[in-house]
Amino acid sequence: MHLNWAAVSALAGAIAAVVALVAYLMPPAPPPQSRSDAVVPTPAPQSSSPDPVTTRPAPPTPSPSPESSTPQPPMPSPTRAVPVSSALLSAARPGGCDEATAALTAYHRNAGTVRSSQAAAAQQTYLDLMGAVLDAQGVVGAKISRLAAEFQELNFRLTGMTGGDPNQVIADINTDVAELNRLCGSI
């Protein structure tokens, strides 16, 4: 007997896809309700007096459920705020610095020596720096935004979308990276 393993594995993959689709489309089953959770109405006691006084029946007494017999975990005690010294606050880096550093490090790691890989790395760095600008403020934000524009220009020059020497843009990038390092506190 000769089995076509490609057909068998394709069939197995198709069956797995159908099973996954059915499982995805099925609504989740409601959790089972235990008998102790069901509310059973109790009849109101009948008054034998002829007075037309309306009395409200007492609310039904819940029967103890097996779940309620388990002890509840203790409530956590409120946390106290720990005072942070001003030395720790001043040591914090401005917003956007960590993201910009990661983007610049990735560029140096991924650029390579071929123009096309340098252009792709410059485009990715542009996108990453635009994300870093969202967390940055003030002069740091302005510097990251300028770097993003320079990486976009570098991508344009490397791909031939605009004319000019890419080395001019690289010189501007190096100057602005040094300034960003100073603003962020020596990266």
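Preceding block: the structure.
Predicted model only: the values in this text are computed from it and were never measured. (Residues numbered from 1 in each chain as written. Predicted model: local features only at pLDDT ≥ 70, side-chain atom pairs only at ≥ 80, totals over all residues. Heavy atoms only, no water.)

**Observations regarding the pattern of salt bridges**
Alright, step 1. Scanning all chains against the criterion turns up six salt bridges.
Alright, step 2. Salt-bridge contacts for Asp98 lead to Arg93; the nearest nitrogen and oxygen are separated by 2.7 Å.
Alright, step 3. In this structure, the salt-bridge partner of Arg182 is Glu179, at a minimum N-O distance of 2.6 Å. With Arg182 and Glu179 both in helix H6 (residues 166-184), this residue pair falls three residues apart, about one helical turn. (Salt bridge = Lys/Arg side-chain N within 4 Å of Asp/Glu carboxyl O. Helix = DSSP H or I, 4+ residues; strand = E, 2+ residues; numbered from the N terminus.)

**Here we look at the nonpolar core**
Alright, step 1. In this structure, Leu129, Ile144, Phe151, Leu154 and Leu180 are the most contacted members of the largest nonpolar core, which totals 25 residues.
Alright, step 2. Mapped onto this core, the elements with two or more residues apiece are helix H3 (97-110), helix H4 (115-133), helix H5 (138-159) and H6.
Alright, step 3. Sorting elements by how many residues they give to this core places H5 first, with seven residues.
Alright, step 4. Beyond its immediate sequence surroundings of up to four residues, Phe151 is in contact with Leu104, Tyr107, Ala122, Thr125, Tyr126, Leu129 and Ile173. (Core = buried A, V, L, I, M, F, W, Y, C linked by side-chain atoms within 4.5 Å. Buried < 20%, exposed > 50% of the residue type's maximum accessible area, 1.4 Å probe, protein only. Contact = heavy atoms within 4.5 Å.)

**Digging into the packing of H3 against H4**
Alright, step 1. Contact geometry for H3 and H4: axes closest at 9 Å, N-to-C directions at 175°. When the axes of H3 and H4 are compared, the pair comes out roughly antiparallel. For the pair formed by H3 and H4, the contact residues are Glu99, Ala100, Ala103, Leu104, Tyr107 and Asn110 on the first element and Ser117, Gln118, Ala121, Ala122, Thr125, Asp128, Leu129 and Ala132 on the second.
Alright, step 2. Of the residues in the contact of H3 with H4, the class split is eight nonpolar, four polar and two charged. (Axes fitted to C-alpha atoms, helices over the stretch in contact; angles between N-to-C directions. Parallel < 35°, antiparallel > 145°, perpendicular 65-115°, else oblique. Nonpolar A, V, L, I, M, F, W, Y, C, P; charged D, E, K, R; others polar.)

**Quick look at the side chain of Asn155**
Alright, step 1. Structurally, Asn155 can be placed in helix H5.
Alright, step 2. Accessibility expressed as a relative area gives 8% for Asn155, which makes it buried.
Alright, step 3. Of note is the side chain of Asn155, whose polar atom sits 2.8 Å from the side chain of Gln123.
Alright, step 4. Every residue in contact with Asn155, bar those within four places of it in the chain, is listed here: Ala119, Ala122 and Gln123. (Polar contact = N/O pair within 3.5 Å; in protein donor to acceptor, adjacent residues only side chain to side chain.)

**Points about the packing of aromatic side chains**
Alright, step 1. Inspection of every chain in the model, using the stated rule, returns one aromatic pair.
Alright, step 2. On the basis of an interplanar angle of 70° and a centroid distance of 5.0 Å, the ring pair of Tyr107 and Phe151 is categorised as edge-to-face. With Tyr107 in helix H3 and Phe151 in helix H5, this pair connects stretches of sequence that are 44 residues apart. Of the two residues, Tyr107 and Phe151, both sit in the buried class. (Phe/Tyr/Trp six-rings, centres within 6.5 Å; stacked < 30°, edge-to-face > 60°.)

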